[in-house]
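Descriptive structure summary
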Amino acid sequence: MLKFISLGCKVNSYESNALKELFLKNGFDENSKPDIIVVNTCSVTAVADQKSRQIIRREKRNNSDAIVVVMGCYSQKNADYISKECGADIIVGTSNRNKLVEFVKTFLKEKKQIIAIEKNPREFKYESFGTIAIPNSTRAYVKVEDGCNNFCSYCTIPYTRGVARSRPRAEVIEEITTLVEHGFKEIVLTGIHTAHYGLDNKECSFSDLVEEICNIPGLYRLRISSIEESEIDDKFIELLTKYPQIADHLHMPLQSGSPSVLKRMCRKYLVNDFINKVNRIREVRPNIAITTDVIVGFPGETEDEFLETYIFIKEVNFAELHVFPFSAREGTKAFDMPQQVKPEIKNERVSKLIDLSNKLHSNYISKFVGQELEVILEERNKTTGKLSGFTSNYIKLEADLSDKYIGE
């Protein structure tokens with residue numbers, strides 16, 4: 001058995017699929033003996049840490065004869081714990097993952113635990129796995145960069161993933177071209193901080209990359225997993241006017257609508273910058289869906305500051321929110337900040353913003369009732385029996401059609 005368990009973000013999913021392909025190319029298969037179990041961990045919140053620990057222990061306990069491999073953000077900073085308390089056989093962090101096949105072969109010979117953690121992820125180079133096998137889907141995720149340069153005060157990712165490193169441009173274009181040639185209708189660009197692409201080499205900016213991708217023959221739709229306000233430059237807005245292939249949906253993380261909280265978060269923009277950029281985007285794409293992330297209960301967040309966020313979200317008129325309670329991460333500036341907000345207050349604020357998100361989403365999709373929209377049909381809904389898929393502006397629709405329309 002060759003088994004991959006991927007926790008957390010789409011980047012982890014992409015990396016797990018790429019590594020699975022690497023194992024298959026090197027003679028391992030789905031029925032490998034001994035069993036090989038790879039757990040790709042996440043550490044974005046305390047809950048993610050806990051889930052990573054639980055799954056590593058479960059797999060080791062339930063598969064005593066298997067080779068248990070642990071990789072990812074949680075193992076990058078907790079290798080000693082995973083080694084001693086969880087008993088994993090091979091431990092890497094957010095580098096050395098393309099050596100896993102070699103490590104497994106070494107373990108089979110020597111039967112000794114392997115720990116290969118690079119202590120300073122800021123020195124990492126982009127770790128390439130090559131282009132992945134063609135998955136069975138209508139939408140494909142393509143990783144274009146790794147790492148983050150922002151060092152927001154609440155986030156541990158720059159310490160576990162390192163600073164931004166760009167994937168070679170030619171490799172990105174080759175993979176997307178192959179996917180399009182195999183019939184994929186939608187490509188989603190993803191990364192730890194996707195639009196940091198190009199910051200490390202200055203040869204090709206993120207907007208330059210997007211333009212080159214849009215010119216790949218046969219590309220139907222290009223979606224961007226996430227992009228910061230400060231990364232939407234004049235060229236990107238020009239691309240929105242020029243290329244209808246770019247999905248009518250942008251996910252722009254806000255985190256807070258309070259100027260004082262944004263400052264404590266060490267975010268790189270002001271609220272006025274954010275709404276001005278949104279207005280510029282809507283000038284060229286009036287019906288675009290703009291979604292966002294929001295953190296509530298950041299240390300010291302008062303009721304007035306939360307109200308500022310609530311009002312600002314309504315002013316921007318997002319299509320939908322992803323709401324998270326603040327999670328204190330050891331090693332970040334926010335971990336030791338005074339005035340930590342009580343859990344019950346965080347939960348109350350999360351609930352208020354989820355209610356607001358539901359109203360905003362309902363208002364947004366109601367504008368399209370009675371209109372004809374294009375949708376890429378992806379799968380059959382087991383509950384309704386209908387085919388379902390997403391429009392360019394990320395509205396999920398269903399149609400009572402036969403399976404021959406999947407992927408159309």
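Rules behind the numbers
Residues numbered from 1 in each chain as written. Predicted model: local features only at pLDDT ≥ 70, side-chain atom pairs only at ≥ 80, totals over all residues. Heavy atoms only, no water. Helix = DSSP H or I, 4+ residues; strand = E, 2+ residues; numbered from the N terminus. Rg over C-alpha atoms; globule rule 2.2 N^0.38 Å. Buried < 20%, exposed > 50% of the residue type's maximum accessible area, 1.4 Å probe, protein only. Contact = heavy atoms within 4.5 Å. Areas by Shrake-Rupley, 256 points an atom, 1.4 Å probe, with all protein chains shown as cover. Lys, Arg positive; Asp, Glu negative; His and termini not counted. Charge placed at Lys NZ, Arg CZ, Asp CG, Glu CD. Pairing = 2+ DSSP bridges. Axes fitted to C-alpha atoms, helices over the stretch in contact; angles between N-to-C directions. Parallel < 35°, antiparallel > 145°, perpendicular 65-115°, else oblique. Left-handed = near helix turned anticlockwise from the far one by under 90°. Nonpolar A, V, L, I, M, F, W, Y, C, P; charged D, E, K, R; others polar. Expected span 1.5 Å × (residues − 1). Polar contact = N/O pair within 3.5 Å; in protein donor to acceptor, adjacent residues only side chain to side chain. Phe/Tyr/Trp six-rings, centres within 6.5 Å; stacked < 30°, edge-to-face > 60°.

Remarks on the overall build of the protein
Counting its regular elements, the protein contains 13 helices and 15 strands. At 22 Å, the protein has a C-alpha radius of gyration in line with the 22 Å of a compact globule built from 408 residues. Taken over 408 residues, the protein has a buried fraction of 53%. Within the protein, residue pairs in contact and separated by at least 24 positions form 72% of the contacts whose partners lie at least 6 positions apart. Taken as a whole, the protein presents about 19000 Å² of accessible surface, with 49% of it coming from carbon and sulfur. Across the protein, 56 positive and 58 negative side-chain charges occur, with their mean positions spaced 4 Å apart.

What to know about the pairing of strand β15 (residues 396–399)
Within a regular beta strand, the side chains point alternately toward one face of the sheet and then the other, so they alternate between its two faces. Inspection of the sheet shows strand β14 (residues 387–391) paired to β15 by four bridges, in the antiparallel sense. Looking across to β15, one finds that L387 is bridged to A399. Counting the residues between successive antiparallel strands, the hairpin from β14 to β15 contains four residues, one of them, Y394, with a positive phi of roughly 65 degrees.

Thoughts on the packing of helix α12 (residues 303–316) against helix α13 (residues 343–366)
With their axes 11 Å apart at the nearest point, α12 and α13 run at an angle of 10 degrees to one another. The angle between the axes of α12 and α13 places the two elements in the roughly parallel class. Pair α12 / α13 crosses with right-handed handedness. Contacts between α12 and α13 involve E303, F306, Y310, I313 and K314 from the first element and I345, R349, K352, L353, L356 and L360 from the second.

Focus: the packing of helix α9 (residues 234–242) against helix α11 (residues 271–284)
When two helices pack together, their arrangement is given by the angle between their axes and by how far apart the axes lie. One way to put it is that α9 packs onto α11 with a least axis distance of 9 Å and a crossing angle of 25 degrees. Relative to α11, α9 is oriented roughly parallel. Both α9 and α11 take part in a crossing whose hand is right-handed. Taking contact as the criterion, the partners of D234, I237, L240 and T241 in α9 are, on α11, K277, R280, I281 and V284. When its residues are assigned to classes, the contact of α9 with α11 shows four nonpolar, one polar and three charged.

Looking at α13
With 24 residues, α13 should reach 34 Å at 1.5 Å per residue; the first-to-last C-alpha distance of 35 Å fits that figure. Every buried residue of α13 is listed here: K346, R349, V350, L353, L356, S357, L360 and Y364. Against β11 (289–296), α12 and β12 (320–325) lie the buried residues of α13.

Some words on the sheet that holds β11
Strand order in the open sheet formed by three strands is β10-β11-β12, with parallel pairing between adjacent strands. Pairing within the sheet leaves two strands with one partner each, and these edge strands are β10 (249–251) and β12. For this sheet, the mean inter-axis angle between neighbouring strands, taken without regard to orientation, is 15 degrees. Of the pairings in the sheet, the one linking β10 to β11 comprises three bridges and is parallel in character. For L250, the partnering residue across the bridge sits in β11 and is I290.

A closer look at the environment of S166
Mapped onto the secondary structure, S166 falls in strand β7 (residues 165–166). Note: C-alpha distance between S166 and Y154 (twelve residues apart in sequence) is 24 Å. Other than its neighbours up to four places away in sequence, S166 contacts Y126, V144, E145, H196, Y197, G198, L199, D200 and N201. Looking at S166, its side chain comes within polar contact range of the main-chain nitrogen of G198, at 2.7 Å. For S166, the side chain forms a polar contact with the side chain of D200, separated by 2.6 Å.

Examining the packing of aromatic side chains
This model, assessed by the stated rule, comprises twelve aromatic pairs. Considering the side-chain rings of F151 and Y159, the 5.4 Å spacing of their centres and the 75 degrees angle between planes classify their relative orientation as edge-to-face. We classify Y159 as partly exposed; its relative accessible area is 34%. Taken together, the ring pairs connect Y269, F274, F312 and F318 into an aromatic cluster.

So, the environment of E315
Structurally, E315 is set in helix α12. Linking E315 and R264, residues 51 residues apart in sequence, is a C-alpha distance of 22 Å.

Topic: the sheet that holds β15
Pairing between sheet strands relies on hydrogen bonds along the backbone, with the strands arranged either parallel or antiparallel. Across the sheet, three strands lie side by side as β13-β14-β15; this open sheet has antiparallel pairing. The open sheet has two edge strands, β13 (375–380) and β15, and neither has a second partner. Averaged over all pairs of adjacent strands, the angle between strand axes in this sheet comes to 35 degrees, irrespective of strand direction.

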